[in-house]
Amino acid sequence: MENELRNKPDILTRLLYAITFTYFSYSFMLSFFHYGKLIRVNLLIGMVIAIAFMVVKLARHEKFRLALSTLAVILILIIWISYALVSVLWAIDKDKAFLNGFFYFGYLAFILLSVLLIDRKKYAWRLLYVLNFVLVVYIIIACWEMITFNHLPYSSVLQLDTYPFVPNGPFFNVNDFASAIMLLTPFMYVLVKAKNNRIINILAFIVSILVFVTMLLEGARLSLIVFLGEALIFYVFFVNWKSKIVIAAWIAIIVIGLIHMYPREFRFASSFLRKEFTSIAQESDSYQLESIQARVNLMKHALEITDEAHYMGIGPGNFHRRMRSDRMLDTNHITITHNYFLEKLATDGIGAFLFLIALVGYLIIGNFYYAIKIKTRDRWLYMGYGSGIVMFFVAASIPSSINNHFFYWVVLGGALALLNITHVQQAENTSSSSESATN
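Residues numbered from 1 in each chain as written. Predicted model: local features only at pLDDT ≥ 70, side-chain atom pairs only at ≥ 80, totals over all residues. Heavy atoms only, no water.

Asker: Even after reading the chapter, I still don't get the packing of aromatic side chains, so can you show me in this structure?
Answerer: Between two aromatic rings, the relevant description is the distance of the centres plus the angle of the planes. This model, assessed by the stated rule, comprises 24 aromatic pairs. Ring plane angle 15° and centroid distance 5.5 Å describe the contact between Y23 and F110, whose orientation is recorded as stacked. On the criterion of sequence distance, the pair formed by Y23 in helix α2 (residues 11-28) and F110 in helix α5 (residues 94-117) is long-range, its members being 87 residues apart. Relative accessible area serves as the criterion here: at 4%, Y23 is assigned to the buried category. Plain terms: the ring middles of Y138 and F177 are 5.7 Å apart, the flat faces sit at 75° to each other, and that makes the pair edge-to-face. Taken as a pair, Y138 in helix α6 (residues 121-148) and F177 in helix α7 (residues 174-195) lie far apart in primary sequence, 39 residues in all. For the pair shown, Y138 and F177 are each scored as buried. One aromatic cluster in this structure is built from W80, Y104, Y107, F355 and W409. The lysine or arginine in question, K244, covers the ring of Y235, its NZ or CZ lying 5.8 Å from the ring centre. Above the plane of the ring of W125 lies R377, whose end atom (NZ or CZ) is 4.4 Å from the centre. (Phe/Tyr/Trp six-rings, centres within 6.5 Å; stacked < 30°, edge-to-face > 60°. Helix = DSSP H or I, 4+ residues; strand = E, 2+ residues; numbered from the N terminus. Buried < 20%, exposed > 50% of the residue type's maximum accessible area, 1.4 Å probe, protein only. Lys NZ or Arg CZ within 6 Å of the ring centre and 35° of its normal.)

Asker: What is the right way to read the packing of helix α15 (residues 350-373) against helix α16 (residues 379-395) from this model?
Answerer: Think of two packed helices as two axes; the pair is described by the angle between the axes and how far apart they sit. One can describe the packing of α15 onto α16 by two numbers: an axis separation of 8 Å at closest approach and a directional angle of 155°. Judged on the interaxial angle alone, α16 and α15 are roughly antiparallel. When you trace α15 past α16, the crossing you get is left-handed. Packed against α15, whose contacting residues are I357, V360, L363, I364, N367, F368, Y370 and A371, the element α16 presents R379, Y382, M383, Y385, G386, S387, I389, V390, F392 and F393 at the interface. When its residues are assigned to classes, the contact of α15 with α16 shows 14 nonpolar, 3 polar and 1 charged. (Axes fitted to C-alpha atoms, helices over the stretch in contact; angles between N-to-C directions. Parallel < 35°, antiparallel > 145°, perpendicular 65-115°, else oblique. Left-handed = near helix turned anticlockwise from the far one by under 90°. Contact = heavy atoms within 4.5 Å. Nonpolar A, V, L, I, M, F, W, Y, C, P; charged D, E, K, R; others polar.)

Asker: Can you help me understand a nonpolar patch on the surface in this one?
Answerer: Together, I209, V246, W250, I251, I253, I254, V255, L258, I259, M261 and Y262 make up a nonpolar patch on the protein surface, roughly 960 Å² of accessible area in all. Ranked by the residues each element gives to the nonpolar patch, the list is headed by helix α10 (residues 241-261), at 9 residues. Position of I253 among the secondary structure elements: in helix α10. (Patch = residues over 30% accessible without salt bridge, like charges linked within 9 Å, V, L, I, M, F, W, Y side chains within 5 Å. Areas by Shrake-Rupley, 256 points an atom, 1.4 Å probe, with all protein chains shown as cover. Salt bridge = Lys/Arg side-chain N within 4 Å of Asp/Glu carboxyl O.)

Asker: So what exactly am I meant to see when it comes to the packing of helix α4 (residues 68-86) against α5 here?
Answerer: Orientation of α4 relative to α5, taken along the N-to-C sense of each, is 165°, at an axis distance of 9 Å. Compared by their axis directions, α4 and α5 come out roughly antiparallel. For the element pair α4 and α5, the recorded crossing hand is left-handed. For the pair α4 and α5, the contacting residues are T70, I74, L77, I78, W80, I81, A84 and L85 in the first and F98, G101, Y104, F105, Y107, L108, I111, L112 and V115 in the second. Of the residues assigned to the contact of α4 with α5, the class counts are 15 nonpolar, 2 polar and no charged.

Asker: Got a minute to help me understand the pattern of salt bridges in this structure?
Answerer: Pairing is possible between side chains of opposite charge, provided their charged atoms come close. The final tally for this structure, using the stated rule, is 2 salt bridges. With a closest N to O distance of 3.8 Å, K121 and D378 form a salt bridge. Of this pair, K121 sits in helix α6 while D378 sits in the loop between α15 and α16, and the two are 257 residues apart along the sequence. Accessibility classification places K121 together with D378 in one group, the buried group. Residue K344 is joined to D348 by a salt bridge in which the shortest nitrogen-to-oxygen separation is 3.9 Å. Note that K344 and D348 are positioned in helix α14 (residues 340-348) at a spacing of 4 residues, about one turn of the helix. Of the two residues, K344 and D348, neither departs from the other in class, the shared state being buried.

Asker: Explain α5 here, please?
Answerer: One full turn of an α-helix is made of 3.6 residues, so residues set three or four places apart face in the same direction. End to end, α5 covers 35 Å across 24 residues, agreeing with the expected 34 Å (1.5 Å per residue, within 8%). Burial analysis of α5 places 17 of its 24 residues in the buried class, the great majority of the element. Backbone nitrogen of D95 and a side-chain oxygen of the N-cap are separated by 3.4 Å at the start of α5; the cap is D93. (Expected span 1.5 Å × (residues − 1). Polar contact = N/O pair within 3.5 Å; in protein donor to acceptor, adjacent residues only side chain to side chain.)

The values are spatial; any link to function lies outside them.
So, in structure tokens, the structure goes:
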């Protein structure tokens, strides 16, 4: 009884939990509040909350339940931040390097907050609910944009000559919005399997249809292909036969209804979809440089710049500046990598690149390992965070850069925290077994 009372969070701890989950949600919506102006304040808020958690634990003489692997990730991340700030010395644009290096404190804040906050699996579930809430809010904003042709003040649709019905949510452009949606969709499907609730199933079906429509109108081909692949895998391997028939029937009803009620709009949507997919194959035969070839050339330039910098990095945020100098390959005037991992290779050096690859690999393998090993409902928790990391890898290659999308690290932090809980519990069980055997 005493242990239960001791483990039960008090008012201060509950307040910190509430503030942190609110902070996670708010960070995903940061563009609502003029993203560029509040980014530094938001990073400082994250660090203050993380420090508050540590102070509370130290004041109460509580142990930091951290596995060695988690400590190693935090230590290497601190070394990366230190190196990024030192690289300001040899960066061409020192102001840009310092500002982008400052973003890395956001990575650290989200890792620390996740590990300190999620010390039990029930909190990992709550973070999963938060991520689903963010996805639903994104889709609600997209529906508002598509129906009213209105957009949030920061939207590029208001500044560029584009179709007014194209949604981009609380982000500047469609690629950022598509990337964020890709990151969050696995958590929706995992919630469907974990809860097996009719209302959740219906909402997930509606959200899936709206995600498809959103990505179709955005012309986000890579996002659309990945999402359709993800939905197909879920449908084939994780949906029972009865539900398969119901889903197929509803899709057929929707398609037939659209053909009869809105024939012109349906023909337009069909031709638009066909154009998006066939354009991928046709780009290689086009005389005009298109997005896929531009991305390939950007990757080649990233490797070229990395070699020129002797794999030490040119400084955070300096890729754009280096691309403005003479380059042999045409990138259609695009000067940002559109690949986060190669961007870090070019700007932060081989060390940061290897750390990122190792971290992503560790989180994917670790979470999927326990998703297969564990037979309880918690296996879906591991499946969700493992799939989320896979989508992080994909989402990092969709927008021009996610360097300042530090809130993406909520997913990495959640996956790391879940593995940390598992490893700490295993160590404690092993210790208890050893003590029992000794006695």
